[in-house]
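Now for the letters of each chain:
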Amino acid sequence: MLGHTIRGLRKARRWVSSKNFTSRVGVERAAARESVDCVVIGAGVVGIAVARELALKGREVVVVESASTFGTGTSSRNSEVIHAGIYYPRNSLKAVFCVRGRELLYQYCSEHEVPHKQLGKLIVATRSSEVPKLNDLMIRGIENGVDGLRMLEGFEAKEMEPELQCVKALFSPFSGIVDSHSLMLSLVWISPPMWVQGEAENHGATFCYNTTVIGGHIEGNCICLHISESKGLENWNGKFPLHPEVILMPKLVVNSAGLSAPTLAKRFDGLNSMVIPAAQFARGCYFVLSKMKAPFKHLIYPIPEDGGLGVHVTLDLDGHIKFGPDVEWIKNVDDISSFLNKFDYSVCAKHAERFYPEIRKYYPNLKDDSLEPGYAGIRPKLSGAQQPASDFVIQGEDIHGVPGLVNLFGIESPGLTSSMAIAEHIVARYLR
């Protein structure tokens, strides 16, 4: 139970009793307080990477995760692609972190035996009107420092992938795939082949699952986090105030709550709400190829579309093919739904009807009834439909004025690829 407090959290790694104090949120209520060094909110791949980097610097870290384990949100509902850094505007955080993160990720996976593969990617123009956009992508990729990019004629791409139809293709040799669950498992818990604690926990990080940061308040130059057990929120509808069972007083807080990050920031009493960007959400479905032999050995991407990179071909490490994601903008998401991650992750089989014509633009031999529902994910966006894509937003004291608070907003793709670079940046810039 969280009904008391955390004493010796990093040593005991469990909740224990302590003296109660009085909290200062809305209706006053007894809540135990505990001073801690660093708190990371959210155990997705970015939060885990930040916790690891902090722990490697000798800091004591508490990771608070509302779910029953790590990586249950966006981190496990994506294409698992290691991006090269082609798509993003020059000098943007996405471009810088993707290129640097790719290097760090390949190195980490090789050193820690995390399953991954550098497959290479073909971005294809399926009609002549798309060729200028393909040329722009090549120029942008070169500006971002992506090596090895090569423009191919349609027949050259077809020599690489006989089932592919296109007029031109941009080949990116450094794109790849990674087993994201194995990556997070290595970072958090197990490092094969030794079966020992993973990097974060092995260096002093503590992971608290089924535990939710329900809000916070500013007290002097310190942010105080309000903590409760997640099960107490199962039936919460927002009509009554939430009261903390524990208040943590950290020196550094990294809000890496993913889909919930903007809404959670709004619940920090004393934080200027004007600096919190409006959250946008885009749902994406994946379908898996069945009844057919895998037709491709490389990642195949169409020209990017509004809100995403297009319905593309991704392979897993066993060579199985999936297509996706598409883009379905979710409108009128209230703060309670986003805060509690009450999104619809189901995939309707009839949705495949939208996929067939898009896929057949570059894979005309796709057979009817060969797509089966896979899974769906939600992108945490900061720009909506028909708007220019937003960059990652990393806010520190210089933006919001609260010492020790770092907010991460809009960490969508290429968040997985960028995770270690984001962690590196946070520690270099904000750790005191």
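Model, not experiment: these values are computed from the prediction. (Residues numbered from 1 in each chain as written. Predicted model: local features only at pLDDT ≥ 70, side-chain atom pairs only at ≥ 80, totals over all residues. Heavy atoms only, no water.)

Participant: Go over the environment of Phe287, please, and point to the residues and values.
Facilitator: You can see Phe287 is positioned in strand β15 (residues 280-289). The class of Phe287 is buried, set by a relative accessible area of 0%. Put simply, Phe287 and Val347 are 60 residues apart on the chain and 8.6 Å apart in space, counted from C-alpha to C-alpha. When sequence neighbours within four positions are dropped, the list of residues in contact with Phe287 reads Lys322, Phe323, Val347, Cys348, Ala349, His351, Ala352, Phe355, Leu371, Glu372, Pro373 and Gly374. (Helix = DSSP H or I, 4+ residues; strand = E, 2+ residues; numbered from the N terminus. Buried < 20%, exposed > 50% of the residue type's maximum accessible area, 1.4 Å probe, protein only. Contact = heavy atoms within 4.5 Å.)

Participant: Describe helix α10 (residues 352-359), and please don't skip the residues or the numbers.
Facilitator: Of the positions making up α10, those classed as buried are Ala352, Phe355, Tyr356 and Ile359. Buried residues along α10 cover an arc of 105° about the axis, so they all sit on one side. Along α10, the residues that are exposed and aim more than 90 degrees away from the buried face are Glu353 and Arg354. In the core, the buried residues of α10 are packed alongside β15, β18 (321-324) and β20 (371-381). (Arc of directions from axis to C-beta.)

Participant: So what about unusual backbone geometry? Which residues, and what values?
Facilitator: In the segment running from Gly324 into Pro325, the intervening peptide bond is cis, with an omega of -10°. Topologically, Pro325 is positioned in the loop between β18 and β19 (328-330). Cis geometry marks the peptide bond from Ser413 to Pro414, where omega comes out at 10°. A positive phi angle, close to 55°, is found at Asn332, a residue other than glycine.

Participant: Mind laying out empty space enclosed by the protein, listing which residues take part and the relevant values?
Facilitator: Following the criterion strictly, the structure yields one cavity of 30 Å³ or more and no others. Quantified by volume, the largest cavity comes out at close to 40 Å³. For the largest cavity, the full set of lining residues is Gly258, Leu259, Pro262, Ala279, Gln280, Phe281, Pro380, Lys381, Phe409 and Gly410. Elements that contribute at least two residues to the lining of the largest cavity include exactly β15 and β20. Grouping the amino acids of the lining of the largest cavity by side-chain chemistry returns six nonpolar, three polar and one charged. (1 Å grid on protein atoms, 1.4 Å probe; cavity = no way out; pocket = protein on both sides within 12 Å on 5 of 7 lines; lining within 4 Å. Points joined across faces, edges and corners; volume = space filled by probe spheres on them. Nonpolar A, V, L, I, M, F, W, Y, C, P; charged D, E, K, R; others polar.)

Participant: Describe the packing of aromatic side chains, naming the residues involved and giving the relevant values.
Facilitator: The final tally for this structure, using the stated rule, is seven aromatic pairs. An angle of 65° between the planes, with centres 6.0 Å apart, marks the rings of Tyr87 and Tyr88 as edge-to-face. Summarising the burial analysis for this pair, Tyr87 and Tyr88 share the class buried. Residues Trp236 and Phe339 carry aromatic rings whose centres are separated by 6.3 Å and whose planes lie at 80° to one another, so their mutual orientation is edge-to-face. Here Trp236, found in the loop between β12 (222-229) and β13 (246-255), pairs with Phe339, found in helix α9 (residues 335-339); they are 103 residues apart in sequence, far enough to count as distant. (Phe/Tyr/Trp six-rings, centres within 6.5 Å; stacked < 30°, edge-to-face > 60°.)

Participant: Could you give me a rundown of the nonpolar core, with the residues and numbers involved?
Facilitator: Judged by nonpolar contacts, the single largest core of 51 residues is most densely connected at Ile86, Leu164, Phe323, Ile359, Tyr362 and Leu371. With residues near it in sequence (within four places) discarded, Phe323 still touches Cys285, Tyr286, Phe287, Leu289, Val311, His312, Val313, Phe355, Ile359, Tyr362, Tyr363 and Leu371. Of all hydrophobic cores here, the second largest spans 45 residues; its members include Tyr106, Met184, Ala423 and Tyr430. (Core = buried A, V, L, I, M, F, W, Y, C linked by side-chain atoms within 4.5 Å.)

Participant: With reference to specific residues and values, describe the packing of helix α2 (residues 45-56) against helix α12 (residues 415-430).
Facilitator: The geometry of α2 relative to α12 is characterised by a closest axis approach of 8 Å and an angle of 35° between their N-to-C directions. By crossing handedness, the relation of α2 to α12 is classed as right-handed. Between α2, through Val45, Val46, Ala49, Val50, Glu53 and Leu54, and α12, the contact on the second element is made entirely by Gly415, Leu416, Ser419, Met420, Ile422, Ala423, Glu424, Ile426 and Val427. Across the contact of α2 with α12, the residue classes tally to eleven nonpolar, two polar and two charged. (Axes fitted to C-alpha atoms, helices over the stretch in contact; angles between N-to-C directions. Left-handed = near helix turned anticlockwise from the far one by under 90°.)

Participant: If you had to explain the sheet that holds strand β5 (residues 116-117) to someone new, which residues and values would you point to?
Facilitator: Taking strand neighbours across the sheet as the criterion, the three strands line up as β4-β9-β5 in an open arrangement whose pairing is antiparallel. With partners counted over all chains shown, the strands left at the sheet margins are β4 (81-82) and β5, one partner each. (Pairing = 2+ DSSP bridges.)

Participant: Describe the pairing of strand β6 (residues 121-125), with residues and values.
Facilitator: Within β6, five of the five residues are buried, leaving the element largely enclosed by the surrounding structure. Alternating positions in β6 separate into two faces, Lys121, Ile123 and Ala125 on one and Leu122 and Val124 on the other, with burial throughout. Two elements, β6 and strand β8 (residues 168-172), share five bridges in a ladder whose sense is antiparallel. Note on β8: the bridge partner recorded for Ala125 is Lys168.

Participant: How would you summarise the side chain of Ser290 if you had to cite specific residues and measurements?
Facilitator: The residue Ser290 is located in the loop between β15 and β16 (299-301) in this model. Polar contacts involving the side chain of Ser290 include one to the side chain of Glu372, which spans 3.3 Å. Each residue touching Ser290, except ones within four places of it in the same chain, is listed here: Ser370 and Glu372. (Polar contact = N/O pair within 3.5 Å; in protein donor to acceptor, adjacent residues only side chain to side chain.)

Participant: I'd like a description of helix α3 (residues 93-111), backed by residues and values.
Facilitator: For α3, with 19 residues, the first-to-last C-alpha span of 26 Å sits near the 27 Å given by 1.5 Å per residue. Buried within α3 are the following residues: Lys94, Ala95, Phe97, Cys98, Val99, Gly101, Arg102, Leu104, Leu105, Tyr106, Tyr108 and Cys109. Where α3 ends, the next residue or the one after it, Glu113, has phi of about 55°, a positive value. (Expected span 1.5 Å × (residues − 1).)

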